[in-house]
Amino acid sequence: MRVIFMGTPDFAVPSLQALLTRHEVVAVVTQPDKPKGRGKKLQPTPVKAVALEHGIPVLQPVKVREPEVIEQLRGYGADLIAVTAFGQILPEEILNMPKYGCINVHASLLPKYRGAGPIQWAVINGEKESGVTTMYMCREIDKGDMLLKDTVTL
């Protein structure tokens, strides 16, 4: 299956690595590089670093909803878009693009902690358990049909 992967931080790397073992990842979309460390040198995102190691084309749009980015994504002919901690809301045009839709790996046991910072909110609120939810994506944030849940004790 031809897959576009969208993700940015370390949390997203295992999802990309799992896809690489079973599917053809045709492109990776990640946030633009940012300066880090004492010297404030531009550093690639963790997801970009893995993609480059595997020779996968990397896109780093400031806004994924720009028409030229959408057309570029369409050009890859992906069957599925997989998203893990990407950091931008996908427009409906992207959500409807691939044959099998878009799936998202979210760092909480939905429906609790929708949106950004789910791990931080679970810790702040003293949760005794958390986990990961995989779901189909829809127009509403973190409200698509759930596929899998995996729970961990904190």
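Predicted, not measured: the structure shown is a model, and the values here were computed from it.

Student: Outline the sheet that holds strand S6 (residues 80-84), supporting the account with residue identities and numerical values.
Tutor: An order of S5-S2-S1-S6-S7-S8-S9 is seen for the seven strands of this open sheet, with the pairing classed as mixed. Because the sheet does not close on itself, it has two edges, and the strands there are strand S5 (58-59) and strand S9 (146-153). Strand direction decides the pairing type here: strand S2 (residues 24-29) and S5, joined by two bridges, are parallel. Across the sheet, valine 28 pairs through a bridge with valine 58, a residue of S5.

Student: I'd like to hear about the pairing of S6, residue by residue, with values.
Tutor: Most of S6 is tucked away, with five of its five residues classed as buried. Both faces of S6 are covered, namely the face carrying Leu80, Ala82 and Thr84 and the face carrying Ile81 and Val83. Summarising the sheet, strand S1 (residues 2-7) and S6 pair through five bridges and their orientation is parallel. Paired with valine 3 across the strands is leucine 80, a residue of S6.

Student: Could you give an account of the pattern of salt bridges, naming the residues involved and the relevant values?
Tutor: With the rule as written, the count across this model stands at seven salt bridges. Aspartate 33 serves as the salt-bridge partner of lysine 48, at 2.8 Å between the closest nitrogen and oxygen. Of this pair, lysine 48 sits in helix H2 (residues 46-53) while aspartate 33 sits in the loop between S2 and strand S3 (34-36), placing them 15 residues apart in sequence. Note that glutamate 92 is salt-bridged to arginine 139, the shortest N-O span being 3.8 Å. One end of the pair, glutamate 92, is in helix H4 (residues 92-95); the other, arginine 139, is in the loop between strand S8 (129-136) and S9, with 47 residues separating them in the sequence.

Student: For the environment of leucine 148, give the residues involved together with the corresponding values.
Tutor: Position of leucine 148 relative to the elements: it lies in strand S9. Among the residues examined, leucine 148 registers a relative accessible area of 57% and is labelled exposed. In this structure leucine 148 touches Val132, Thr133 and Thr134, once residues within four positions along its chain are discounted.

Definitions and cut-offs
- Residues numbered from 1 in each chain as written.
- Predicted model: local features only at pLDDT ≥ 70, side-chain atom pairs only at ≥ 80, totals over all residues.
- Heavy atoms only, no water.
- Pairing = 2+ DSSP bridges.
- Helix = DSSP H or I, 4+ residues; strand = E, 2+ residues; numbered from the N terminus.
- Buried < 20%, exposed > 50% of the residue type's maximum accessible area, 1.4 Å probe, protein only.
- Salt bridge = Lys/Arg side-chain N within 4 Å of Asp/Glu carboxyl O.
- Contact = heavy atoms within 4.5 Å.

Function-wise, these values are silent; they only describe arrangement.
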